[in-house]
Each structure stands twice: as C-alpha cells, then as structure tokens.
Amino acid sequence: WHGARFRIWDGIRALDYLESRPDIDSGKLAIMGQSGGGTLTSYIAALDTRVKASCPAGFVTTSRDLVEFWGPQDCEQNIPGAMKLGLNHLSLMMMASPRPVELILAEDDAFPPFGSFTTLAKMRELYARLGIPERVDYNIAMGKMHGWYDCSREASVRWVRRWLTGVDAPAPKVADEDALPPAENEADAFVVPGGMVSSLPGERGTYDIIRTRADALAAKRPPLTRELVAKVSGIDVAHP
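Residues numbered from 1 in each chain as written. Predicted model: local features only at pLDDT ≥ 70, side-chain atom pairs only at ≥ 80, totals over all residues. Heavy atoms only, no water.

Trainee: Please explain the pairing of strand β3 (residues 101-106) as it appears in this structure.
Mentor: One face of the sheet, then the other: side chains in a regular strand alternate in exactly this way. Of all 6 residues in β3, 6 are buried; the element is thus mostly enclosed. Side chains V101, L103 and L105 project from β3 onto one buried face, and the interleaved E102, I104 and A106 project onto a second face that is buried too. Here strand β2 (residues 51-57) runs beside β3; their pairing, made up of 2 bridges, is parallel. By the bridge assignment, A57 is partnered in β3 with I104. Both β3 and strand β4 (residues 136-141) contribute to a ladder of 6 bridges, which runs parallel. (Buried < 20%, exposed > 50% of the residue type's maximum accessible area, 1.4 Å probe, protein only. Helix = DSSP H or I, 4+ residues; strand = E, 2+ residues; numbered from the N terminus. Pairing = 2+ DSSP bridges.)

What follows is the structure in structure tokens.
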C-alpha cells in the first residue's frame, strides 16, 4: 500500500463517474494534468484503457535524471520496489501504448527535460515499430519553470481534440473571458453537497482505510521476536 494506490483509485473512480453521466461520450475520454496531475495522468493512461488520449505535463523524464538532478519527489511518485522491478516513467508510457500520448514539457522544469527527451526518443522508437509514429509528440514551453502555461494547456487541448474528434486545429478561444456569465450559485458546480466527497454518508478517509487494514494485519501477526526479525530482515541480531 502506498500513496499512488489511492491516487490511482481516485482517478479510476472519476472515470467511472464520467461514464455514468448521460451528457458524456464514454468512448471519448482523455486525461491531462500538470505535476502531480501529470503523475496521475501517466498512471491512469497506463492502467485504464478507457483513456483514449493523454497529455502528462511536468512529470515524465527518467528516474535516473530525476533522482540525480532534484531527488525523489512526492510519495505517490515513488512506488515501493519500482526501481528494483525496472518500473520507470518509460514503463508507464509503454503501458499506455498504442494510444496517443503527448508529453508536455518546460525548458527549466524541475523534472529534467533532458531526461524527458530520452524517454520521448524511446517512445518514438516503440510507436514506430508499431507503425503509428504519429501518436507520439511533445510540446515544450521555452524558458519556463515548473508550471502548466497557456501554450501548454492549448497544446494539450489540441492534442486530445485531434484524437477524439478528428479535428487538428486550435480550440476556439473565448473572445472575452471576463464577459462569461458567472455561476448563479457556486454550489451548483459541486458534484456532491458541500463539495466534499468525505461528507457523504459512510465515506472513509485514507487514514481510516489504512488504520482498518493495519489493525487486521496486526491481529494475524506473530509476536515480534529477535528470531523473527533476523529471519525476515536477514540481519544478525544474535548480539545486542
């Protein structure tokens, strides 16, 4: 159990919710996001085939470059045992194939773009072997730090429009965003009353779920002895 497990399940359940809506075409679901959103985008695109196109932003690079340049990031980006198993950012991108993926980068990103281009080159090789090289691309914001900039968002929208609607053109822009009518009531935009899923009857938070699981495991666990520690850890505990 780890942070990514809960983030991934939230994302999958979000797709379940979208599929349940009569005003949503469940055959045309895409995902995009920046930083932690880029992480979740990569996970969900890899693990849920309902996602037909994806644009991970501010995340995909190489594990080596990330660790050497900035160090390990948030907990959900570090799955226990991943490196030992050979699971890295490229692995997630390969799992998302053959569906279209566009990497959204920034020149001065904390997630090193030179590592991003290493992963991109290997993605292009894979997609070329599959005969679909056009399904991989990238967009980079020049001279920008870690962030999801206007050009990045516009590129993401154009990418998913291309693959979901067949229209390869910039999305129409609102002439005057300030002229858009405000929501009559903020609560009308809430998916659940009060805006918090945790307020629904019977809902449990992450800590509650982990506590229940930990208590169940503790009930089955044998008494902790020096011999058991030695066996499980491989550490010689014969001498204090």
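Trainee: Explain the sheet that holds β2 to me, please; I cannot follow it from the model alone.
Mentor: Across the sheet, 4 strands lie side by side as β1-β2-β3-β4; this open sheet has parallel pairing. Unpaired on one side and paired on the other, β1 (29-34) and β4 mark the two borders of the sheet. For this sheet, the mean inter-axis angle between neighbouring strands, taken without regard to orientation, is 15°. Helix α2 (residues 36-47) contacts β1 and β2 of the sheet and is inclined by roughly 150° relative to β1. (Axes fitted to C-alpha atoms, helices over the stretch in contact; angles between N-to-C directions. Contact = heavy atoms within 4.5 Å.)

Trainee: Explanation requested: helix α5 (residues 89-96) in the structure shown.
Mentor: Helical periodicity: at 3.6 residues per turn, an α-helix aligns residues three or four positions apart in one direction. Of all the 8 residues making up α5, 6 are buried; the element is thus mostly covered by neighbouring parts of the structure. Of all the positions in α5, only H89, L90, S91, L92, M93 and A96 are classed as buried. Contacts made by the buried residues of α5 are with α2, β2, α3 (63-69), β3 and α6 (113-129). Capping the start of α5 is the job of one residue whose side-chain oxygen sits 3.1 Å from the backbone nitrogen of L90: N88. (Polar contact = N/O pair within 3.5 Å; in protein donor to acceptor, adjacent residues only side chain to side chain.)

Trainee: What is the right way to read the side chain of S54 from this model?
Mentor: Along the polypeptide, S54 turns up in strand β2. Setting aside anything within four residues of it in sequence, one finds S54 in contact with I31, T41, A45, P100, V101, E102 and W159.

Trainee: How do you make sense of the packing of aromatic side chains when you look at a structure like this?
Mentor: To describe a pair of aromatic rings, one takes the distance between the centres and the angle between the planes. Counted by the stated rule, this structure contains 6 aromatic pairs. Note on F59 and F111: the rings are 5.9 Å apart at their centroids and 55° apart in plane angle, and the pair reads as tilted. Pair noted here: F59 is in the loop between β2 and α3 and F111 is in the loop between β3 and α6, with a separation of 52 residues, a long-range link. Take F59 and F111: they sit in the same class, and that class is buried. Between F69 and F114 the ring centres are 5.6 Å apart and the planes differ by 85°, which places this aromatic pair in the edge-to-face class. (Phe/Tyr/Trp six-rings, centres within 6.5 Å; stacked < 30°, edge-to-face > 60°.)

Trainee: When you look at α6 in this model, what are you seeing that I'm missing?
Mentor: Taking 1.5 Å of rise per residue, the 17 residues of α6 would be expected to cover 24 Å, and the 24 Å separating its terminal C-alpha atoms lies within 8% of that figure. When we look at burial in α6, the residues that qualify are P113, G115, S116, T119, L120, M123 and Y127. Down the axis of α6, the buried set is contained in an arc of 140°. They therefore lie on one face. Those residues of α6 that are buried are in contact with α3, α5, β3 and β4. Of the residues flanking the end of α6, it is G131, one or two places downstream, whose phi is positive at about 80°. (Expected span 1.5 Å × (residues − 1). Arc of directions from axis to C-beta.)

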